[in-house]
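# Understanding the architecture of this molecule
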Amino acid sequence: MHTIDEIIIQWFNSDFGTNFSGGIFGNILLVIFSLLLAALFTGFIGIEREVHGHSAGLRTHLLVAIGSALIMVISIYGFRIWDAEYLPQTSRDPARLAAQVIAGIGFIGAGTIVKSGISVRGLTTATTLWISMAIGLACGSGNFVIAGIATIVAVVALISMRRVERAAARKHPVLIVVFPSDRPIIKDLLLTAERYGITFSEESSELLIYQEKSAVRLMMRLSANTPASISAFVEEARVKLQPLEIKFQTEN
């Protein structure tokens, strides 16, 4: 019993059941179909990234998937002459080039990750690039059903999990406080937060010039039972401690 993918591949390689060119014409169309399907599947992921303003958007995801599919196609079809004339038929492993793609995509993904203080952005985009690579390899190797299922799962996860992330971000926002370097207020800030039941899970600080004066920017991730307690804490800290700047932000 043949799988759906095997039926599709045989249909192409038999020139759609006619075998008028010995499968050559159908095989060329199969390669084109693999590349176009990789672009179509990852296009949905790329659009989601593009809509939300991420640096690696539609074009980047399409190119990653098409390139991965092309390398997989070359692994399967590109060395047949060498097999026939120079190498034993059993010496070639089509998965070897694919393994290099899996390792190499990390360089592209790393370029999308940006760390600022305790905030790290771009991890999801790096992951979607990795998923696009995997979908491209699946299409290039003829595993179209698996590629389609992976695309559906990835898109559903990106869309549905965004609400969960936003809810978590509202409960654990990042507090940014700027104060003069000669007037430390960290102890008073911690005492004020303690009265509201707020704890700090991460923190970082840096020296900077603020309005031509030496200052410290402190970034802390807050944990609180309700968003209202965070708002009340920030307002009290602004009035009593009078920092140069104080605000909190949530991350998408």
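Look above for the structure.
Source: prediction; values computed, not measured.

This part takes up the pattern of salt bridges. Scanning the model with the defined rule gives six salt bridges in all. The salt bridge partner of E48 is R49, with a shortest N-O separation of 2.8 Å. Under the relative-accessibility criterion, R49 is labelled buried at 2%. Note that E236 is salt-bridged to K240, the shortest N-O span being 3.1 Å. Linking E236 with K240, this pair stays in helix α9 (residues 227-241), spanning four residues, or about one helical turn. Classification of E236 as buried rests on a relative accessible area of 13%. Classification of K240 as exposed rests on a relative accessible area of 60%. Among the ionic contacts, a cluster of salt bridges with common partners joins R195, E236 and K240.

Taken together, the side chains of I4, V145, I149 and V153 present a nonpolar region at the surface, about 360 Å² in accessible area. Per-element accounting of the nonpolar patch gives the leading share, three residues, to helix α7 (residues 144-171). Looking at where I4 falls in the secondary structure, it is placed in helix α1 (residues 4-13). Look at I4 and you get exposed, because its relative accessible area is 55%.

Along an α-helix, residues three or four positions apart point the same way, because every turn accommodates 3.6 residues. With 18 residues, helix α6 (residues 123-140) extends 26 Å between its outermost C-alpha atoms, agreeing within 8% with the 26 Å of an ideal straight helix rising 1.5 Å per residue. If you check which residues of α6 are buried, you get T125, A126, T128, L129, S132, M133, I135, G136, L137, A138, C139 and G140. Once α6 ends, the next one or two residues include G142, with phi positive near 90°.

Counting through the fold element by element, S201 comes out in strand β4 (residues 199-210). For S201, a relative accessible area of 47% gives the class partly exposed. Measuring from C-alpha to C-alpha, the distance between S201 and V174 comes to 10.0 Å, with 27 residues separating the pair along the chain. Residues in contact with S201, not counting those within four places in the same chain, are R221 and S223.

Quick notes on the rules
- Residues numbered from 1 in each chain as written.
- Predicted model: local features only at pLDDT ≥ 70, side-chain atom pairs only at ≥ 80, totals over all residues.
- Heavy atoms only, no water.
- Salt bridge = Lys/Arg side-chain N within 4 Å of Asp/Glu carboxyl O.
- Buried < 20%, exposed > 50% of the residue type's maximum accessible area, 1.4 Å probe, protein only.
- Helix = DSSP H or I, 4+ residues; strand = E, 2+ residues; numbered from the N terminus.
- Patch = residues over 30% accessible without salt bridge, like charges linked within 9 Å, V, L, I, M, F, W, Y side chains within 5 Å.
- Areas by Shrake-Rupley, 256 points an atom, 1.4 Å probe, with all protein chains shown as cover.
- Expected span 1.5 Å × (residues − 1).
- Contact = heavy atoms within 4.5 Å.

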